[in-house]
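Coordinate inspection notes
The primary structure of each chain is shown beneath.
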Amino acid sequence: MTLTLPSPPLIEMRGIMKRFPGVIALSSVDFDLRAGEVHVLFGENGAGKSTLINVIAGTHRHDAGTYAYNGGSLTDLNPHRARQIGICPVFQEFSLAPDLTVEENLFLGRERTRGFVLQKSEMRSQVSKLLADLDFDLPLDGLVGSLSRAQQQMTEIAKALLHDIRVLILDEPTASLTERESERLFEIIADLKRKGVGIIYVSHRMAEIKRLADRVTVLRDGRLVGTVAAAEVSETRLIEMMTGRQVGAVFPTISHRPGKVMLQTTGLSTVDGLVRGVDFQVRAGEIVGIAGLVGCGKSELARAIFGLKDLASGTIHLDGNQIRSPSPAQMLRSGLCYFPSDRGTEGLALGRPVRENMSFTALDKPPIAVRGFLRLQQERLQSLAMIAKLALAPADPEKRVEFLSGGNRQKVMLARGLAREISVYIFDEPTVGIDVGAKAEIYKLIAGMAEQGAAVVVISSELPEVIHLSNRAYVMQRGAIVAELSGQSIDEATILAHFFERDHALPEVPARRNAV
């Protein structure tokens, strides 16, 4: 009789420790990954998920514990070696070269050569076949810096799948994808599972966890809470494991008291045609949601209002005053603050401390600035007050933002709106990539702003945010507003119906810019 021994896990980690200056990021964490499974990492921002996948991918070296891969011990791992042995990460913060093409990014560091001759046709053929198999619509010769965030996400995924892989790490992979693109990714994951690839999947989206996961490992404060079979655990139990407390209401009860119109656009269009003839308004004391599929123009509308896109026509009125040539500096001085969706690239200076990031919008205002001089002590005191108000962790104003979790990075960016007098807030995807606990804190902050009389706009691809936070909601499609909803009509079925209607006549974009 022949005894068949079970094959070892693809990855087996025991007692993993990782320290950073002043912080224990991982403390005695056990984790394993089997071939052909999706193993979800779940936890609040700052729980240690990102640190763990960085250790697995060779970006960070663990300080203690053991790391075995396919039955053999791994030491001195680095990202290049990890890719060589089939461990391919797709991180939430992209690692693409913006000035190179899609094709050049896919082969960067792995170019095909014969002698000293670059095999361009061979590379083009391979990448064309891959993108066709993936059904990803990407311009091979397009510069990555000119692509949308969704296209950059697809480029990262394609880069990971270009060569044979044993382990695929996906960190919030659907955050920037449309529903169709997400569905295609799920099909790819199912195919990889059948081929025996082990997949580590980081997500805060319960629907994705329920659909994809075989097992779920929950981390909290850098420690292992437990590993459970996905089919045997409820959503409520997962959240309780993540937070360490019983689940309460995620969305606050909001008392909307609409007052005067604070922000209004009339016939607003952008030169690139991504915003078309938009009539829109938000009043003091209310939250207005903007919903729509990725690429519908909702983010472009916010950027146009804030002066980040060239206008072709239309008018913008802020607190009754017409803004003829909007710019970020002018809009801030006039009392409007915009929080971009891509906090890593546009929202924050990751290499600078929390203190400086919090005060960027107030460097021309007392008490931080007096007669052109920066008062560092006042800047520090103000940042400490905002840290306390937002429950930022760690509570260190000199901590570089790059070392914070996603939820705490978002809090740092939101603090800018508290650093000066603001009457209109525009939040663009305010909770992308952050956990349920941090989401609840941000929803409470947004609700408080409206209840204190501010006009608030929430742009979101998460329908529950639009439904539960909004007093009124607009639906956008192909750059135009196709519906305005209020009260009981702000529900999922109604919003989705407007997403896919095709009988809306879109306004023409003027050939040249009119006075605005």
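Scope of this entry: the structure provided in the associated data block.

About the criteria used
- Residues numbered from 1 in each chain as written.
- Predicted model: local features only at pLDDT ≥ 70, side-chain atom pairs only at ≥ 80, totals over all residues.
- Heavy atoms only, no water.
- Axes fitted to C-alpha atoms, helices over the stretch in contact; angles between N-to-C directions.
- Helix = DSSP H or I, 4+ residues; strand = E, 2+ residues; numbered from the N terminus.
- Parallel < 35°, antiparallel > 145°, perpendicular 65-115°, else oblique.
- Left-handed = near helix turned anticlockwise from the far one by under 90°.
- Contact = heavy atoms within 4.5 Å.
- Nonpolar A, V, L, I, M, F, W, Y, C, P; charged D, E, K, R; others polar.
- Pairing = 2+ DSSP bridges.
- Phe/Tyr/Trp six-rings, centres within 6.5 Å; stacked < 30°, edge-to-face > 60°.
- Buried < 20%, exposed > 50% of the residue type's maximum accessible area, 1.4 Å probe, protein only.
- Salt bridge = Lys/Arg side-chain N within 4 Å of Asp/Glu carboxyl O.

It is the contact of helix 14 (residues 406-415) with helix 15 (residues 436-451), at a shortest axis distance of 10 Å, that shows an interaxial angle of 15°. Judged by the angle between their axes, helix 14 and helix 15 are roughly parallel. The two elements helix 14 and helix 15 cross, and the hand of that crossing is left-handed. Two secondary-structure elements touch here, helix 14 through Gly407, Gln410, Lys411 and Leu414 and helix 15 through Ala438, Glu441, Ile442 and Leu445. The residue inventory of the contact of helix 14 with helix 15, partitioned by class, reads four nonpolar, two polar and two charged.

By way of backbone hydrogen bonds, the strands of a sheet pair with one another, either parallel or antiparallel. As summarised here, the arrangement of the four strands in space is 2-1-4-5, forming an open sheet in which the pairing is antiparallel. The sheet terminates laterally at strand 2 (23-33) and strand 5 (72-73), the two strands that pair on one side only. In terms of strand pairing, strand 1 (residues 11-20) meets strand 2 through seven bridges, oriented antiparallel. Each residue of the ladder has a partner; that of Lys18, found in strand 2, is Leu26. Lying over the sheet, helix 1 (residues 49-56) contacts strand 1, strand 2 and strand 4 (64-69), oriented at roughly 60° with respect to strand 2.

Attention now goes to the packing of aromatic side chains. All told, the structure shown has six aromatic pairs when counted by the stated rule. An angle of 15° between the planes, with centres 4.6 Å apart, marks the rings of Phe251 and Tyr443 as stacked. You can see Phe251 sitting in the loop between helix 8 (235-243) and strand 13 (261-270) and its partner Tyr443 sitting in helix 15, a full 192 residues away along the chain. Under the relative-accessibility criterion, Tyr443 is labelled buried at 2%. For the pair Tyr425 and Phe427, a centre-to-centre distance of 6.2 Å together with 20° between the ring planes defines the contact as stacked.

What follows deals with the pattern of salt bridges. Going through the model one piece at a time under the given rule, you end up with 28 salt bridges. A salt bridge links Asp133 to Lys129, with the shortest nitrogen-to-oxygen separation between them at 2.9 Å. Of this pair, Asp133 and Lys129 both sit in helix 4 (residues 120-134), four residues apart, which is roughly one turn of the helix. Two residues, Arg472 and Glu286, come together in a salt bridge whose shortest N-O distance is 2.8 Å. Of this pair, Arg472 sits in strand 23 (residues 472-477) while Glu286 sits in the loop between strand 14 (278-283) and strand 15 (287-291), and the two are 186 residues apart along the sequence. Glu286 matches Arg472 in its accessibility class, with the two residues each being buried. What you see here is one network of salt bridges that share partners, running through Arg352, Arg355, Glu356, Glu379, Arg380 and Glu398.

All right, on to the pairing of strand 10 (residues 198-202) then. Among the five residues in strand 10, five count as buried, and that is most of the element. Here strand 10 shows a buried face lined by Gly198, Ile200 and Val202 and a second buried face lined by Ile199 and Tyr201. One ladder, built from four bridges, connects strand 3 (residues 38-42) with strand 10; its direction is parallel. Bridged to Val38 within strand 10 is Ile199. Here strand 9 (residues 167-171) runs beside strand 10; their pairing, made up of five bridges, is parallel. Across the sheet, the residue bridging to Ile169 is Ile200, located in strand 10.

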